[in-house]
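Chain by chain, the residues run as shown.
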Amino acid sequence: MGEIILKKGEDRRIKSGHLWIFNNEIEEVRDFMPDDPILKIVSAEGRVLGTGYYNKHSLIAARILSWKDESIDRAFLLRRIKEAKNLRESLYPDLNCYRLVYSEADFLPGLIIDKYNEYFSIQILTTGMEYLTPLILEALNELAGPAGVILKNDSSFRTLENLQLYVKVASGEIPRTVEIDERGIRYKVDLLEGQKTGFFCDQKENRLLLRDISRGKKILDCFSYTGGFALNALKGDAASVMAVDSSSRALELLTENAALNGYEKKLTIEKADCFDKLKELRGERFDIIVLDPPAFIKSKNKVKEGIKGYIEINISAMKMLAPRGVLVTCSCSYHLSEDDFLAMLRISAGRSRRQFRLSRLTSQAPYHPVLLAMPETRYLKCAFLQAVN
Ligand code: SAH
C-alpha cells in the first residue's frame, strides 16, 4: 500500500476527526500505484493516522476511510454499511425509505445509498469510491438482498473528480416507479429519471412539522417536486394547496401521488418557473408558503449570485403571507452557512417591510447524520418564520 506523508502540523484537522486532506497539506506521496487509490495516511513524524484514498486531480486530494492501518476490502465495507444500517434502524424502525449511507457522516466519503423499499439508489461522488464500487455492490447484496440497485452517477460533483456521468442498473430490475410510504403518505418514486436519487428524504421531519400546522390553511408549495410538502399539508387537513414546479415529470408523479392518497380535490398543480409564478400571484394571500428550491449556490465563488435568488423568492413570499402567516423557507446550498442563511432572511424581511418570529430553525432528517467534526456534513437549513402581523 502506498503512503501519503503530511506536512508538519497538517495532521491537526485529521486528529480532530475531520476526514479531508487538501493538496497543499501533503509533503509527499510514496509508492502510489495509479490503479489503486488506497493509501496509508502518515504524519510528518511517521505516525500512521489512518487509511484513505487519494486523487491528485482533486482539491480534496485525500479522504480518510478508517482511523486504522487496515485493508479496505469487502469485509470492511460490509462492516461500515452494516453500522450505517443499524443506526437508521435504531432511529426509524418502521420506515421503508431513508438514506442508508451518507458519505463522510458514515465514514464512507463519496458514497450515498438511498433505500426505497427493497430497491437501492447509489451515488458515487469520488474516484476512490468509484474504485470500490464492485465491492460496495457485493456488500450491499449480502446485507440487504435488494430487488434492484441503480448507480445514479449523474451528479455534477463527479466532474470535480474527472469522473464520467452515467446512470446504470447495477443489479436486478428497476421498475418505472417504486412505491414508498413516509408516515402514512404513499409516493411513487422514479429511480431512473427522478432528480438526485429519486426522492428528497432529507426533508422528512420538516414536512411533518408542516403537516402539524396545516389544518384549515390555504397553502402555496413552491418547488414542490413530487409533492413532499404539498401532500403532507393535505394529510394535515389543509383547506387548499397550490403546488408549483417547473419539471413536467415531477408534476406527473405529483398528480399520481395525489390520486394514490385521495388528495386530488383540494390540490391545484401549476407547471411554472417559481420566480415568475410568485410575481404573477403577487395579489394573492396564503396562510402558509413553502420555499424549497434547488441549491442556488453550486460553488464557493457563486455565493453572492445565489443569495440574490434566495432574497428574491423570499421577499415575494413574505409579501404574500396573510396576517400571522408562516413562511417555511429552505436552502440546501452547502456553501451557504446557517448564519448567512439567517442574514439573507433578515434582508428579505426588511425589504418586504414585515416582521417575523423565527419559530423553528431545523436541518436535515437524522438519517442524514451530521458529523460534529465536519460542519460540511450539515447542509440543509429550514426556517419556520411566523409573521408578527
Ligand atoms: N420540496 C420537494 C423537493 C424540492 S427539490 C420535496 O419535498 O420533495 C427542488 C425542485 O425545484 C425540483 O422539483 C425542481 O424541478 C424544481 N425547480 C428548480 N428550479 C425551478 C424553478 N426555477 N421554478 C420552479 N421549479 C424549479
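Data block above holds the structure.
Residues numbered from 1 in each chain as written. Predicted model: local features only at pLDDT ≥ 70, side-chain atom pairs only at ≥ 80, totals over all residues. Heavy atoms only, no water.

Chemist: I'm lost on the sheet that holds strand S2 (residues 20-22) in this one. Help?
Modeler: Whenever strands of a sheet pair, they do so through backbone hydrogen bonds, lying parallel or antiparallel. The strand order across the open sheet formed by six strands is S2-S6-S5-S4-S1-S3, and the pairing between neighbours is mixed. Across the chains shown, the open sheet's two edge strands, defined by having one partner strand only, are S2 and strand S3 (26-30). The average angle at which neighbouring strand axes cross in this sheet is 35°, direction not considered. Relative to strand S5 (residues 48-54), strand S4 (residues 38-42) is paired through five bridges, and the arrangement is antiparallel. By the bridge assignment for S5, Ile38 is matched with Tyr53. (Pairing = 2+ DSSP bridges. Helix = DSSP H or I, 4+ residues; strand = E, 2+ residues; numbered from the N terminus. Axes fitted to C-alpha atoms, helices over the stretch in contact; angles between N-to-C directions.)

Chemist: Can you help me understand the pairing of strand S15 (residues 240-245) in this one?
Modeler: The side chains of a regular strand alternate, residue by residue, between the two faces of the sheet. For S15, the buried fraction is high: five of the six residues fall into the buried class. Across five bridges, the pairing between strand S14 (residues 218-222) and S15 is parallel. Opposite Cys222, over in S15, you have Val244 as the bridge partner. This β-α-β element, S14 to helix H5 (residues 228-235) to S15, shows right-handed connectivity. As paired elements, S15 and strand S16 (residues 267-271) share five bridges and run parallel to each other. Bridging across to S16, Val244 finds its partner in Glu270. Taken together, S15, helix H6 (residues 248-261) and S16 form a β-α-β motif whose crossover is right-handed. (Buried < 20%, exposed > 50% of the residue type's maximum accessible area, 1.4 Å probe, protein only. Right-handed = clockwise from strand over helix to strand, strands pointing away.)

Chemist: So what exactly am I meant to see when it comes to the environment of Ile112 here?
Modeler: As for its placement among the helices and strands, Ile112 is situated in strand S8 (residues 111-116). Counting along the chain gives ten residues from Ile112 to Tyr102, while the straight-line C-alpha distance between them is 5.1 Å.

Chemist: Please explain the nonpolar core as it appears in this structure.
Modeler: Note that soluble globular proteins tend to have their nonpolar side chains buried in a common cluster. Membership of the largest hydrophobic core comes to 67 residues, with the highest contact counts inside it found for Ile81, Leu111, Ile113, Tyr116, Ile122, Met129 and Ile136. For this core, the element with the most residues is helix H3 (residues 127-144), which contributes seven residues. Each residue touching Ile81, except ones within four places of it in the same chain, is listed here: Leu100, Val101, Leu108, Ile113, Ile136, Ala139 and Leu143. Phe223, Phe286, Ile289 and Leu291 belong to the second-largest nonpolar core, a separate cluster that totals 33 residues. (Core = buried A, V, L, I, M, F, W, Y, C linked by side-chain atoms within 4.5 Å. Contact = heavy atoms within 4.5 Å.)

Chemist: In this structure, what is going on with the site of the ligand? I would like to understand it.
Modeler: Neighbouring residues of the ligand: 16 residues in total, closest Gln195, Arg207, Asp245, Cys274 and Asp292. Gln195 is positioned with one of its side-chain polar atoms (N or O) 2.9 Å from an oxygen atom of the ligand. Between the ligand and the protein, one listed contact pairs a nitrogen atom with a side-chain N or O atom of Asp292 at 2.7 Å. Isolated, the ligand exposes 580 Å² of accessible area, and the fraction of that covered by the protein chains is 90%. Of the residues in the shell around the ligand, the class split is seven nonpolar, five polar and four charged. (Near = heavy atom within 4 Å. Polar contact = N/O pair within 3.5 Å; in protein donor to acceptor, adjacent residues only side chain to side chain. Areas by Shrake-Rupley, 256 points an atom, 1.4 Å probe, with all protein chains shown as cover. Nonpolar A, V, L, I, M, F, W, Y, C, P; charged D, E, K, R; others polar.)

Chemist: Which parts of the structure should I look at to understand the pattern of salt bridges?
Modeler: Side chains carrying opposite charge are able to pair once their charged atoms draw close together. Tallied over the full model, the rule gives 31 salt bridges. Across the pair Glu89 and Lys85 runs a salt bridge, and its minimum N-O distance is 3.3 Å. Of this pair, Glu89 and Lys85 are both found in helix H2 (residues 74-91), four residues apart, which corresponds to roughly one turn of the helix. Its relative accessible area of 35% is what places Glu89 among the partly exposed residues. (Salt bridge = Lys/Arg side-chain N within 4 Å of Asp/Glu carboxyl O.)

Chemist: I would appreciate a short explanation of the sheet that holds strand S9 (residues 119-124) in the present structure.
Modeler: Judged by pairing direction, the sheet is mixed, and its five strands sit side by side in the order S7-S8-S9-S10-S11 without closing on themselves. If you trace the sheet from one side to the other, it starts and ends with strand S7 (97-102) and strand S11 (166-172), each paired once. This sheet shows a mean twist of 20° between the axes of neighbouring strands, independent of strand direction. Sheet topology places strand S10 (residues 148-153) next to S11; six bridges connect them, and they run antiparallel. For Lys152, the partnering residue across the bridge sits in S11 and is Val167. Here H2 sits on the sheet and contacts S7 and S8; the angle it forms with S7, its principal contact strand, is near 140°.

Chemist: Before we go on, may I ask you to explain H2 in this structure?
Modeler: What sets the pattern is the α-helix's 3.6 residues per turn: residues three or four places apart point alike. In a regular helix each residue adds 1.5 Å, so 18 residues correspond to 26 Å; H2 covers 26 Å between its end C-alpha atoms and thus fits that length. Turning to H2, the residues buried within the fold contact strand S6 (60-66), S7, S8 and H3. (Expected span 1.5 Å × (residues − 1).)

Chemist: Any chance you could explain the environment of Arg63 here in plain terms?
Modeler: Note on placement: Arg63 falls in strand S6. Of the residues examined, Arg63 reaches a relative accessible area of 11% and is grouped as buried. Separated by 45 residues in the primary sequence, Arg63 and His18 place their C-alpha atoms 9.1 Å from one another. If sequence neighbours within four positions are ignored, Arg63 has contacts with Leu19, Trp20, Gly52, Tyr53, Glu104, Pro109, Thr126 and Glu161. At 2.9 Å, the side chain of Arg63 forms a polar contact with the side chain of Glu104.

Chemist: What is the right way to look at H6 in this model?
Modeler: Taking 1.5 Å of rise per residue, 14 residues should cover 20 Å, and H6 covers 20 Å from first to last C-alpha, within 8% of that figure. The set of residues buried in H6 consists of Arg249, Ala250, Leu251, Leu253, Leu254, Asn257, Ala258 and Asn261. The elements touched by buried residues of H6 are strand S13 (185-189), H5, S15 and S16. At the exit of H6 stands Gly262, carrying a positive phi of roughly 70°.

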